[in-house]
Amino acid sequence: MNKVCWIISLIVVSLSLAGQTKEKFVDNLLQKMTLEEKIGQLNQYSGDGFATGKVTVDPSKLSQIERGEVGAMLNVFGVENVRKLQQAAMKSRLKIPLIFGQDVIHGFRTTFPIPLGEAASWDLNLMEKTAHTAATEASAYGINWTFAPMVDICRDPRWGRIMEGAGEDPFLGSKIAVARVKGFQGKGLGQTDAVMACAKHFAGYGAAIGGRDYNTVDMSRLQLNEVYLPPFKAAANAGVATFMNAFNALNGIPSTANTYLLRDLLKGEWKYSGFVVSDWASIKELITQGVASNRKEAAFEAITAGCDMDMESRCYRENLKSLVLDGKVPVSIVDDAVRRILIKKYELGLFSDPFRFCQPERELQQTNNTQNRQLAREAGEKSIVLLRNENQLLPLNKTLKSLALIGPLVKSTIDNYGSWSVHFPDDSSRVVSLYEGIKTKLNPETKLYYSKGCNINDSDESRFEAAVQTAKMADVVVMSLGESWNMSGESKSKSNLHLPGVQENLLKAIYATGKPVVLLINAGRPLIFNWASDHVPAILYTWWLGSEAGNAIADVLFGDYNPSAKLPVTFPRAEGQIPMYYDHFNTGRPPKDDNDMIYTSRYIDLPITPAYVFGYGLSYTHFSFSNLKLSTSRLSIKSSEPLVVDVDVTNDGGYDGEEVVQLYVRDWVGSVVRPVKELKGFEKISIKKGETKTIHFKLNANNLKFFNAKIKWVNEPGKYTLFMGDSSNTVLETNFELTE
Ligand code: NOJ
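About the cut-offs
Residues numbered from 1 in each chain as written. Predicted model: local features only at pLDDT ≥ 70, side-chain atom pairs only at ≥ 80, totals over all residues. Heavy atoms only, no water. Helix = DSSP H or I, 4+ residues; strand = E, 2+ residues; numbered from the N terminus. Contact = heavy atoms within 4.5 Å. Salt bridge = Lys/Arg side-chain N within 4 Å of Asp/Glu carboxyl O. Buried < 20%, exposed > 50% of the residue type's maximum accessible area, 1.4 Å probe, protein only. Core = buried A, V, L, I, M, F, W, Y, C linked by side-chain atoms within 4.5 Å. Polar contact = N/O pair within 3.5 Å; in protein donor to acceptor, adjacent residues only side chain to side chain. Near = heavy atom within 4 Å. Nonpolar A, V, L, I, M, F, W, Y, C, P; charged D, E, K, R; others polar.

Attention now goes to the environment of Leu94. Within the secondary structure, Leu94 is located in the loop between α5 (79-89) and β3 (99-102). Leu94 sits 425 residues away from Leu519 along the chain, and the two C-alpha atoms are 60 Å apart. Beyond its immediate chain neighbours, meaning those up to four positions away, Leu94 contacts Leu29, Lys32, Met33 and Glu37.

Given below as structure tokens:
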């Protein structure tokens, strides 16, 4: 079709769309569709370029698209590639456009910090902005659907996918889920810089037994509702366009075939109107999991449970027709799934213009966008957690005479992207390494030395001596240790969370020189580094920070940014403590302190505390909390009058800075056991040195509801303590009562 004909047909389509509701349009279209065409809409394939799962070689994909037998693609991006496949879809009888999905997890061309790292910023505006920027870039490359945000709560750092989420807490996790959904979906589907978001993995995936990926999940309904579902519910309420089901079985039933999760809860109780996509080949995996004996049964189980789209297993394509014709699956179930998908295509504006995400000018504009990189730098700075800073070793002085950079990650490039970044051929030239970032920051007079010391993960210590000599030449040593990018992420569960290889030995050798050491730990999960915590004066947890990693770290090291991040997850001292999380239940025998050994709930060979608590993170300055006041000591369940909480926060240190003021509560007596502390509010504020700010929070009875034994969300009157502080180890507290 030439350009003029195309424009004319666009105008005709647009005119015929005008004045129709999307429901009417979709119903009309449904009436015209054959059963095969309907099933085609439920079928999603990965492109041939690269894959994010085990590939099925299928040379007939293009012709299937031309026959209207495919509804969506994934792993195809770039205007030219997308256009080619969309053109094929336009050859189909009803010209139903394809949607293009991609794992845009923490950036697209510009890579932002891994989601767990960015969650440490506790900065919801920032997270909304980075998600929106990722959407802007991805949509300029033809993508209109991201498989993000991952909103799985995770309390087990052995699970490699902990890096993809927002950590352990349902309150923080829900706020972040909403920020990310809003960011991806921007001003609404239909804008060319908005992509459909996808809340995944529904549900419980982060609680895989033993932290082993894809493993079974078994948990009480109470825990599911209190901890694991809230971020999904929050995402649904925020209008997330799609859900993805999890790989795991939940309480004996695989999520892909889980009628309770998908039909009763999501589409029933929550009245969710978007569509559900399976995870990669998870329909087929119902056979391996043992709830279906063949592909036909697997298709039956999944579609009846409410899984609308089949990603890469082809079970729907092969079996749904006969399941319908044999009367096993009512066509109304297929129609409902198709309708949900077509509505989203309509909302994306694809029926008016299937090529609206295929504008080469936009693609070019978003290819190396310096503003986006600036945002990546800001996000990087805000994600770095200062864990230790003895004797104010940090920030370093830019006029330092000499500095040694030591460690296997100093010059590393692509590790900074972390897992789940989108790969391009020019990746290594587009990322700022630590070495480059520091070199750019330093005064030209400062001597900069470098020694790798060892590899990330082997037993070779032959370069230690050279590294020790390098350290001896410098006034200060900065060491960059940790994981490589592919040590966390999907199918990267680990049983040993210590610094890999001989890195800790290298650290000890350098520390023994007596030089002041600043340790940077790069990782996708909480690692265990007790020796460092006991000895090394300054430690920054730098996760994987993305395209601008080196600049962001240099900004923090030299005080151009005062660290403000707080851990979104507890850091254990030993693998044996896992799972360890701050909002646990009390037992009947909680230990009072570390000496309380006999008949208490603890390990006899470990302290009772973690290495670092949830919500913890230092600043170069210091904040004091005082004057915690409540507007009333009695909050009525019936009254709409909230409980107003005021607290004064004073910056009494030597630098301007930001603090995350955290509010927790404890409900002392309930009909079910309540956590020892629960986050109920936080506010990130910036305070100039010497200044005091009064921070206000409002709580109402709804904020204090919980699930009772009948899984009803209720208030129960009783005594509460409200805690305030700069981490979950709070510094102030006061009591109030919730009354009838
Ligand atoms: C499998 C992962 O579990 C999921 O998160 C991802 O979106 C799909 N593969 C597609 O890449």
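Taken as a whole, this structure holds 43 salt bridges when the rule is applied. Between Lys91 and Glu66 there is a salt bridge, with the nearest N and O atoms lying 3.6 Å from each other. Residue Lys91 is located in the loop between α5 and β3, and its partner Glu66 is located in helix α4 (residues 61-66); the two are separated by 25 residues in the primary sequence. Judged by its relative accessible area of 28%, Glu66 falls in the partly exposed class. A network of salt bridges, in which partner residues are shared, links Asp103, Arg161, Glu164, Lys200 and Glu490.

Before going further, it helps to examine the nonpolar core. Core analysis: the biggest nonpolar cluster contains 188 residues, and Phe202, Phe243 and Phe529 have the highest contact counts within it. Contact partners of Phe202, with chain neighbours within four places excluded, come to Leu229, Phe232, Phe243, Met244, Asn245, Ala246, Ser255, Leu261, Leu262, Leu265, Leu266 and Trp270. Membership of the second largest hydrophobic core comes to 25 residues, among which are Phe623, Leu643, Leu663 and Leu699.

The next thing to look at is the side chain of Asp667. Position of Asp667 relative to the elements: it lies in strand β20 (residues 657-667). A residue is classified by how much of its surface remains accessible, and Asp667, at 2% relative accessible area, is buried. Polar contacts involving the side chain of Asp667 include one to the side chain of Arg674, which spans 3.4 Å. Polar contacts involving the side chain of Asp667 include one to the side chain of Tyr720, which spans 3.2 Å.

What follows concerns the site of the ligand. If you check the shell around the ligand, you find 13 residues, and the closest are Thr52, Asp103, Arg161, His201 and Asp279. Arg161 is positioned with one of its side-chain polar atoms (N or O) 2.6 Å from an oxygen atom of the ligand. In this structure, Asp279 approaches the ligand through a side-chain N or O atom, which is 2.5 Å from an oxygen atom. Counted by class, the shell around the ligand contains six nonpolar, two polar and five charged residues.

With respect to the helices and strands, Asn486 occurs in the loop between β14 (476-482) and α20 (503-511). Given the relative accessible area of 34%, Asn486 is considered partly exposed. Counting along the chain gives 252 residues from Asn486 to Ala234, while the straight-line C-alpha distance between them is 30 Å. Separated by 2.8 Å, the side chains of Asn486 and Ser484 make a polar contact.

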